[in-house]
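Here is how the chains run, residue by residue.
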Amino acid sequence: MRHANLTGFLGLMADVAWTTLGPCEPGRTLDMLRSCRAEGVPVEVRGAFKVPRMIDYVMPEDVWIADADRVLLGAHLACGTTVAAEGFVGVNAGTIGPCMVEGRISLGALVGELSDVGGGASIMGTTSRGGKHQVTIGKRCLPGANAGVGISLGDDCAVEAGLYLTAGTRIRLASGDVVKAIDLSGRSGLVYRRSSQTGQIEALESARSWGSLHPSLHRPSPQPYLATLDS
């Protein structure tokens, strides 16, 4: 991933109605539906977009996708990745190792091996930040349920459930200094949380991992996936 310059590629692609009988020009979709129904031919329009569902055209090896509608062609899913029913992976986004995807990996975002994108969590894509910063999530990371990440995370990081980090979010360090989140982008071994007493967002260094992926959901590897700092 990220070896080719895809700047402006969406603008070069045509809009397409993706049906169970194949792609169709959007302007001809209603006529096609009427014709098929009149002839008793089953047909369904699955969406109107520039790219279709991935598994209508490509089935990645050793990957589980609970809902085919939520992974687009052009995503990259590494062996051992599980995309849960509410997970989503966009174009030119994906995983580079066994991962659990319960949240959203938006266009251009990349998730490292042994990470878990928590339920409802959102990794900000390039379309939301002017196409400039590509968010990378490191190894053994946990963006918690309903969290949001608009900066890159290094390895062994966690973001508290419900906490959304944007580039300009003010974060207090253990030293007492307050910095912008973008200044911490890519740094490893940090836990981002909101103080229950002051409400201040904090970044704390931690030598402990958040846990591990469940081996039965990431079957290709013969070894259990233990997300620990010693591994």
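The structure displayed is predicted, hence computed values, not measured ones.

**Q** Help me understand the packing of aromatic side chains in this model?
**A** Describing an aromatic ring pair means giving the distance of the ring centres and the angle of the ring planes. Under the definition given, this model contains one aromatic pair. Between Trp18 and Tyr57, the ring centres sit 6.0 Å apart and the planes meet at 75°, which makes this aromatic pair edge-to-face. Of this pair, Trp18 sits in strand E1 (residues 16-19) while Tyr57 is found in the loop between strand E3 (45-49) and strand E4 (64-65), placing the two residues 39 residues apart along the sequence. Take Tyr57: its relative accessible area is 45%, and that puts it in the partly exposed class.

**Q** Is there a simple way to explain the sheet that holds strand E19 (residues 178-180) in this structure?
**A** Hydrogen bonds between backbone atoms are what pair the strands of a sheet, whose relative direction is either parallel or antiparallel. In spatial order, the strands read E14-E16-E20-E21-E18-E19; together these six strands make up an open sheet with mixed pairing. Strands at the two margins of the open sheet, each flanked by one partner only, are strand E14 (142-143) and E19. Both strand E16 (residues 158-159) and strand E20 (residues 190-194) contribute to a ladder of two bridges, which runs parallel. Across the sheet, the residue bridging to Ala158 is Val191, located in E20.

**Q** Got a minute to help me understand the pairing of strand E18 (residues 170-173) in this structure?
**A** Consecutive side chains along a regular strand alternate between the two faces of the sheet. Judged from the three bridges that link them, E18 and E19 form a sheet pairing that is antiparallel. Looking across to E19, one finds that Arg172 is bridged to Val178.

**Q** Can you help me understand the side chain of Thr19 in this one?
**A** Tracing the backbone through its elements, the reader meets Thr19 in strand E1. Among the polar contacts listed, one links the side chain of Thr19 to the backbone nitrogen of Leu21, at a separation of 3.0 Å. Side-chain polar atoms of Thr19 contact the backbone oxygen of Gly22, separated by 2.6 Å. Setting aside residues up to four positions removed in sequence, Thr19 forms contacts with Cys24, Met32, Val43, Glu44, Val45 and Arg46.

**Q** Where do I start with unusual backbone geometry in this structure?
**A** The phi angle of most residues is negative, glycine excepted, and most peptide bonds adopt the trans form. The backbone of Asp62 shows a phi angle near 55°, a positive value even though the residue is not glycine. Among the structural elements, Asp62 can be located in the loop between E3 and E4. The phi angle at Asn146 is positive, at roughly 60°, despite the residue not being glycine. Assignment of secondary structure puts Asn146 in the loop between E14 and strand E15 (148-149). Exposure remark for Asn146: the relative accessible area of 53% places this residue in the exposed category.

**Q** I tried to follow the sheet that holds E3 on my own but got confused; where do I start?
**A** Read across the sheet, three strands follow the order E2-E1-E3 without closing on themselves; strand pairing throughout is antiparallel. In this open sheet, the two strands that pair with only one neighbour each are strand E2 (22-24) and E3. Recorded for the sheet is a direction-independent mean angle of 25° between the axes of neighbouring strands. Summarising the sheet, E1 and E3 pair through four bridges and their orientation is antiparallel. Following the sheet pairing, Val16 is matched in E3 by Phe49.

**Q** Looking at this structure, how should I read the nonpolar core?
**A** Nonpolar side chains in soluble globular proteins tend to end up buried together. Ranked by size, the top nonpolar core spans 36 residues in total, and within it Val89, Ile105, Leu153 and Tyr192 carry the most contacts. Filtering out sequence-adjacent residues up to four positions away, Val89 remains in contact with Arg70, Val71, Leu72, Ala75, Leu77, Val83, Gly94, Val101 and Ile105. Ala17, Cys24, Cys36 and Val43 belong to the second largest nonpolar core, which has six residues in total.

**Q** I keep staring at the pattern of salt bridges and nothing clicks. Help me out?
**A** One pass over the full model with this rule turns up eight salt bridges. Between Arg46 and Asp56 there is a salt bridge, with the nearest N and O atoms lying 3.2 Å from each other. In this pair, Arg46 sits in strand E3 while Asp56 sits in the loop between E3 and E4, placing the two residues ten residues apart along the sequence. Using a relative accessible area of 38% as the deciding quantity, one classes Arg46 as partly exposed. A salt bridge links Glu113 to Lys139; its shortest N-O distance comes to 3.7 Å.

**Q** Explain the state of the cysteines here, please?
**A** Covalent bonding between the sulfur atoms of two cysteines is what defines a disulfide. Within the structure shown, the criterion is met by zero disulfides. Between Cys141, a free cysteine, and Cys157, which holds the nearest cysteine sulfur, the sulfur-to-sulfur gap is 4.8 Å.

Calculation notes
- Residues numbered from 1 in each chain as written.
- Predicted model: local features only at pLDDT ≥ 70, side-chain atom pairs only at ≥ 80, totals over all residues.
- Heavy atoms only, no water.
- Phe/Tyr/Trp six-rings, centres within 6.5 Å; stacked < 30°, edge-to-face > 60°.
- Helix = DSSP H or I, 4+ residues; strand = E, 2+ residues; numbered from the N terminus.
- Buried < 20%, exposed > 50% of the residue type's maximum accessible area, 1.4 Å probe, protein only.
- Pairing = 2+ DSSP bridges.
- Polar contact = N/O pair within 3.5 Å; in protein donor to acceptor, adjacent residues only side chain to side chain.
- Contact = heavy atoms within 4.5 Å.
- Axes fitted to C-alpha atoms, helices over the stretch in contact; angles between N-to-C directions.
- Core = buried A, V, L, I, M, F, W, Y, C linked by side-chain atoms within 4.5 Å.
- Salt bridge = Lys/Arg side-chain N within 4 Å of Asp/Glu carboxyl O.
- Disulfide = S-S within 2.5 Å.

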